[in-house]
Amino acid sequence: QAISDIKENILKLRLLAMHYIANQNEDQRPLIARIEEQAAAIRKLLLKYETELLDEEKERDLLNTERRYFDIYYSEIKALLEKTKSTDQSRLWGNLLNATGNLEQLSIAVDEHQKYNELRAEELKASYEEVVQRVRYIAATILILSVASVGSLGIFLRREVRVRMNRLSGLISHVSETLDF
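Residues numbered from 1 in each chain as written. Predicted model: local features only at pLDDT ≥ 70, side-chain atom pairs only at ≥ 80, totals over all residues. Heavy atoms only, no water.

A. View of the overall build of the protein. When its secondary structure is counted, the protein shows four helices and zero strands. Reading the protein from its N terminus to its C terminus gives the helix and strand order α-α-α-α. Taking as baseline every contact in the protein between residues at least 6 positions apart, the subset at least 24 positions apart corresponds to 73%. Of the roughly 12700 Å² of accessible surface on the protein, 58% is carried by carbon and sulfur atoms. (Helix = DSSP H or I, 4+ residues; strand = E, 2+ residues; numbered from the N terminus. Contact = heavy atoms within 4.5 Å. Areas by Shrake-Rupley, 256 points an atom, 1.4 Å probe, with all protein chains shown as cover.)

B. Looking closely at the packing of helix α1 (residues 2-22) against helix α2 (residues 29-53). One way to put it is that α1 packs onto α2 with a least axis distance of 9 Å and a crossing angle of 165°. One way to sum up the angle between α1 and α2 is to call them roughly antiparallel. In terms of crossing hand, the pair formed by α1 and α2 is left-handed. Here A2, I3, D5, I6, N9, I10, K12, L13, L16, A17, H19 and Y20 of α1 lie close against α2, whose contacting residues are L31, I32, R34, I35, Q38, A39, A41, I42, L45, L46, Y49 and L53. (Axes fitted to C-alpha atoms, helices over the stretch in contact; angles between N-to-C directions. Parallel < 35°, antiparallel > 145°, perpendicular 65-115°, else oblique. Left-handed = near helix turned anticlockwise from the far one by under 90°.)

C. Representation of the pattern of salt bridges. Taken as a whole and judged by the stated rule, the model has 11 salt bridges. For K7, the salt bridge goes to D111, with nearest N and O atoms at 2.4 Å. In this pair, K7 is assigned in helix α1 and D111 in helix α4 (residues 89-178), connecting sequence segments 104 residues apart. The class for K7 is partly exposed, based on a relative accessible area of 28%. (Salt bridge = Lys/Arg side-chain N within 4 Å of Asp/Glu carboxyl O. Buried < 20%, exposed > 50% of the residue type's maximum accessible area, 1.4 Å probe, protein only.)

D. Structural detail: the packing of aromatic side chains. Applying the stated criterion across every chain, the model contains one aromatic pair. Between F70 and Y74, the ring centres sit 6.0 Å apart and the planes meet at 10°, which makes this aromatic pair stacked. A residue pair is termed a helical-turn pair when its members lie 3 or 4 positions apart in one helix, as F70 and Y74 do in helix α3 (residues 57-83) at four residues. On the basis of relative accessibility, which here comes to 1%, the residue F70 falls in the buried class. (Phe/Tyr/Trp six-rings, centres within 6.5 Å; stacked < 30°, edge-to-face > 60°.)

E. Focus on the side chain of Q114. Considering the arrangement of structural elements, one finds Q114 in helix α4. Other than its neighbours up to four places away in sequence, Q114 contacts I3, S4 and K7.

F. Just α1, in detail. Look at α1: 30 Å from first C-alpha to last across 21 residues, which is about the 30 Å you get at 1.5 Å a residue. For α1, the full list of buried residues reads I3, I6, N9, I10, L13, R14, L16, A17, Y20 and I21. Buried residues along α1 cover an arc of 160° about the axis, so they all sit on one side. (Expected span 1.5 Å × (residues − 1). Arc of directions from axis to C-beta.)

G. Quick look at the side chain of E59. One can find E59 in helix α3. For E59, a relative accessible area of 1% translates into the label buried. With residues near it in sequence (within four places) discarded, E59 still touches Y49, L53, L54, H113, Y116, N117 and R120.

H. Structural detail: the nonpolar core. Among the nonpolar cores identified, the biggest contains 27 residues, and I10, L13, I35, F70, Y74, I77 and L106 are the most heavily contacted of them. Breaking this core down by element, the ones donating at least two residues are α1, α2, α3 and α4. (Core = buried A, V, L, I, M, F, W, Y, C linked by side-chain atoms within 4.5 Å.)

I. Quick peek at the environment of R14. Tracing the sequence through the fold places R14 in helix α1. The exposure class of R14 is buried, given its relative accessible area of 15%. R14 sits 89 residues away from L103 along the chain, and the two C-alpha atoms are 8.6 Å apart.

J. Spotlight on a nonpolar patch on the surface. Judged by side-chain polarity, V161, M165, L168, L171 and I172 come together as a nonpolar surface patch covering roughly 480 Å² of accessible area. Among the secondary structure elements, M165 is positioned in helix α4. (Patch = residues over 30% accessible without salt bridge, like charges linked within 9 Å, V, L, I, M, F, W, Y side chains within 5 Å.)

What follows is the structure, given as structure tokens:
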């Protein structure tokens, strides 16, 4: 989910940049603020992923690649925003298309990270299923051993009680026949 959120926010940033170029006649300050907020949100998501979810070196490398491509892409967007006052519309769209190359690299990096996470999730699921199966076997073995132990104990107690009751019965019969207390 975290990788999907990063991907979604990158697309929002791109849409905001396109909106900025398409609406040159409006006051752009609120839109610039939203672009900067979106970039900050992406950086925050990357940091959150790093601090809360990162647990392998390969994943760290993937995240660093994403961060590097994002920094390049955002620097191109920032440069584009600075050029808007002095450049015509067609040139701005051309610059945005040039920034698309890094966006594509960023998208590829994010997709690769997402696929890696899905692969790890499948591996963990298989491992979990193995553990569950092993626990079931252990529980069944413990249950069988417990039933066998209780059954054996019951048979032993029954035999022991019967033997002692027979002795007591014999003793009582002997005492009643001989009247020897």
